[in-house]
Amino acid sequence: LVPTSLYVVSIIFMSTTTLWRMGTTSETSYWCIATGALFYMLSDSVTGYDHFVRAIDMKYVASMFTYGMSLFLFGIGAITHNTPTKKV
């Protein structure tokens, strides 16, 4: 129970910090990273639901697709990151 709880807290913290990036990076980078965090949480949710609630058909495909999309979006968000310039 303790390791699972720590993992859940770390995922929630990761998702929260992605939302705090608003205004500190470009809009494209912000939305890619935020969407990637949601896909990452969905990937873990698919795995957890399959393991603890009910078996899911094609669970590996669903889990790996959402995980792959999260990594892709994290990469695009990191590439497009730049500090926005203030307009005077």
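Please read all numbers here as calculations on a predicted model, not as lab measurements.

Q: Any details on the environment of L71? Residues and values, ideally.
A: Looking at the secondary structure, you find L71 in helix α3 (residues 59-79). With 35 residues separating them in the primary sequence, L71 and G36 have C-alpha atoms 6.8 Å apart.

Q: Before we move on, can you summarise the packing of helix α2 (residues 27-52) against α3 with the specific residues and values?
A: Where α2 contacts α3, the axes come no closer than 8 Å and their chain directions differ by 160 degrees. In terms of their interaxial angle, α2 and α3 are classed as roughly antiparallel. As for how α2 packs across α3, the hand of that crossing is left-handed.

Q: Explain the confidence of the model for the protein chain to me, using residue names and the numbers behind them.
A: Residues at a pLDDT of 70 or more form 94% of the protein chain, whose mean pLDDT is 87. The secondary structure element of the protein chain with the lowest average pLDDT is helix α1 (residues 2-19), at 84, and the one with the highest is α3, at 93.

Q: Give a detailed account of unusual backbone geometry, specifying residues and quantitative values.
A: Unlike most non-glycine residues, M58 shows phi in positive territory, near 55 degrees. Inspection of the secondary structure assignment puts M58 in the loop between α2 and α3.

Conventions we followed
- Residues numbered from 1 in each chain as written.
- Predicted model: local features only at pLDDT ≥ 70, side-chain atom pairs only at ≥ 80, totals over all residues.
- Heavy atoms only, no water.
- Helix = DSSP H or I, 4+ residues; strand = E, 2+ residues; numbered from the N terminus.
- Axes fitted to C-alpha atoms, helices over the stretch in contact; angles between N-to-C directions.
- Parallel < 35°, antiparallel > 145°, perpendicular 65-115°, else oblique.
- Left-handed = near helix turned anticlockwise from the far one by under 90°.
- pLDDT = per-residue confidence, 0-100.

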